[in-house]
Amino acid sequence: MEALPVNLWTRWLAFTGRPVDSRPLRLVRVLVPLCILGDLLAIVWRGAFSAVLLPESMGGLTDGSSWWSLVGGVWWGGPLLWALCVTAAPLVMRGGRLGRPALATLLVAYAQLGHLYPPGDRAIDRLLRTVLLLWLFSEASSARPASRIAAWPADLLRWLLVMVYLQAGIVKIGAKPGFLHLHMNELYQILSAPQVGRLDPVFWEPLMPLFFLGGVVTMALEFSSPLLLTRFGPYWAFGGVLMHIGIAIGMDLGMFPFGMLALYPVLLWPFTIRVLDALAPWLPESWGPPDYSPS
Amino acid sequence: MSTTAHVRGALVAFTAFSMGILGFPGLDHRSVDWLQDPEDRQDAPLNALLAADFQHHVRRPITSALSHLERPLRLAQSWNLYGVGPNRMVRFELWVDDELWFRAADPEHTYRKSFLRYRRIRPVVVHTCLDQSRHSERLVELMVEDVRAEKPDAHEVVVRCTSTPWPGDGDGMEIVRWTAEAPTWKPSQ
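Here is a short report on the structure shown in this document.

Parameters and conventions
- Residues numbered from 1 in each chain as written.
- Chains lettered and ligands numbered in written order.
- Predicted model: local features only at pLDDT ≥ 70, side-chain atom pairs only at ≥ 80, totals over all residues.
- Helix = DSSP H or I, 4+ residues; strand = E, 2+ residues; numbered from the N terminus.
- Rg over C-alpha atoms; globule rule 2.2 N^0.38 Å.
- Buried ≥ 20, exposed ≤ 12 C-beta atoms within 10 Å, placed from the backbone.
- Contact = placed C-beta atoms within 7 Å.
- Axes fitted to C-alpha atoms, helices over the stretch in contact; angles between N-to-C directions.
- Left-handed = near helix turned anticlockwise from the far one by under 90°.
- Nonpolar A, V, L, I, M, F, W, Y, C, P; charged D, E, K, R; others polar.
- Pairing = 2+ DSSP bridges.

**Observations concerning the overall build of chain B**
Here's step 1: Tallying secondary structure elements over chain B gives 6 helices and 4 strands in all.
Here's step 2: Traced from its N-terminal end to its C-terminal end, chain B shows the element sequence α-α-α-β-β-α-α-α-β-β.
Here's step 3: Taking 189 residues into account, the globule formula puts the C-alpha radius of gyration at 16 Å, and chain B, at 24 Å, lies well above it.
Here's step 4: Taking all 189 residues of chain B together, 33% fall into the buried category.

Okay, here's the thing in structure tokens:
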């Protein structure tokens, strides 16, 4: 009986350290910084550079006076953080010797941007930073990642996303008017809300049963998200992909749906590997299938 | 097993536990004092009481301690999405000398639409209409600066929000109004 805790601990160590194909994890290391990069460039082409990155005296919306802000109050603080992020993101995507230092730089500078301009630091930014933090310690971010690495970052990511989707589902139970309302569905309201939705509320109002169906499917998907922790997870992930594509089409949420989809190579694990295997002839050698032969 | 494996196992266990307790589904959107008032507890079901006590006595001290780790990198996140839908359609509008330049979700009046709908600006726009965040006045000042650069001989800029029942095809009731006039251009409500 005394050996039981030791056995459990040994099994835990074996579980967290079990070797898996590193490519889905490396793909997330490429896609997450790509999303962040796109969003940072959007600050410029959306005409929000001065509003977001400069202090109030120079056209900014906030004074960046958060206690944790290292560069709040100086005019060059925001542009410097923006430049650091924009420079570091491609280096993280490229990997190699500079990959991990660039990842640490991106993580800190991106967090500082949040401290500088809190209204624009949304849940998706925080989720992606959490992923960056996990990946900072993952072998997927090492200078020359092995073809098979420890699985723990993938497990933690799945666990995190189960929390996210379950919470999003539970909140919808008590929602008003509610996602299961037949006459004034909340999904309809969200998708046609003036500031964020893309649907014409007058045109779509007679089609309310469609939104009721959409609400049922959304809630079913969110409540079944614990499947991500099982062998059915990759099949669940197809539903998640469709949901986020629907959000990208129906709402102007910027980076959110793309940031979420950037995490899906891990959720779609076996399918990601199949796609990468099929694309292997056109990809760099390091993205080829792992060598399983005994060394 | 190597020391590295033990350290890794411990850190992964700690991280998984932290994620689980911080994002505990069903409790994340409840206040720490949920169902702590004896009057509220009288009619509450047993499962809600157990959850509330877990929230107050177990989860709160742990999340409070973990928040110190989250703050520097701003990792704390909430996924209480769309608990309360917008029961009325609220529109942000920009008027310059009695001429409509921008109205949310109006394809014919789209001045600075890309900016106002950008995800980092939108929360300020929404709060300007709903609960007047401290950034609201600054947003109005920014709009005034933009308008004056576009139309130097402008006399008056009005930022207002209207509210209509869904689907929002009628005239809205004004719920917020900021006005800035030459020569001072100081926004006032």
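**Quick notes on the environment of A:G250**
Here's step 1: Within the secondary structure, A:G250 sits in helix α11 (residues 233-250).
Here's step 2: Each C-alpha atom, one on A:G250 and one on A:L106, is 30 Å from the other, the two residues being 144 residues apart in sequence.

**Let's talk about helix α5 (residues 122-130) of chain B**
Residue and element names in this part refer to chain B.
Here's step 1: Within α5, burial applies to R122, V124, V125, V126, T128 and C129.
Here's step 2: Summarising the contacts, the buried residues of α5 are in contact with β1 (89-96), α4 (113-116), α6 (136-150), β3 (156-164) and β4 (173-181).
Here's step 3: Looking one or two places after α5, you find Q132, whose phi comes out positive at around 55°.

**Looking at the packing of helix α4 (residues 77-94) of chain A against helix α5 (residues 99-116) of chain A**
Residue and element names in this part refer to chain A.
Here's step 1: Running from amino to carboxyl end, α4 crosses α5 at an angle of 145°, the nearest separation of the two axes being 8 Å. Once α4 is placed against α5, the crossing between them reads as left-handed. Seen from α4, the contacting residues are G77, G78, L81, W82, L84, C85, A88, A89, L91, V92 and R94; seen from α5, they are G99, A102, L103, T105, L106, A109, Y110, Q112, L113 and L116.
Here's step 2: Its residues assigned to classes, the contact of α4 with α5 shows 15 nonpolar, 5 polar and 1 charged.

**Details of unusual backbone geometry**
Peptide bonds are, in most cases, trans, and in most cases residues other than glycine have a negative phi.
Residue and element names in this part refer to chain B.
Here's step 1: Going from W166 to P167, the amide bond is cis rather than trans, its omega being 5°.
Here's step 2: Counting through the fold element by element, P167 comes out in the loop between β3 and β4.
Here's step 3: In this model, A182 is joined to P183 through a cis peptide bond whose omega is 5°.
Here's step 4: Residue position: P183 is located in the segment after β4.
Here's step 5: One non-glycine residue, L35, lies in positive phi territory at about 55°.
Here's step 6: Topologically, L35 is positioned in the loop between α1 (3-22) and α2 (38-42).

**Notes on the pairing of β1(B)**
All names here are of chain B.
Here's step 1: β1 sits mainly inside the fold: 7 of its 8 residues count as buried.
Here's step 2: Pairing geometry for β1 and strand β2 (residues 99-103), over 4 bridges, is antiparallel. Within β2, the residue paired with V96 across the bridge is E99.
Here's step 3: Two successive antiparallel strands, β1 and β2, enclose a turn made up of 2 residues, where D97 displays a positive phi of approximately 50°.

By themselves, these figures tell us nothing about what the structure is for.
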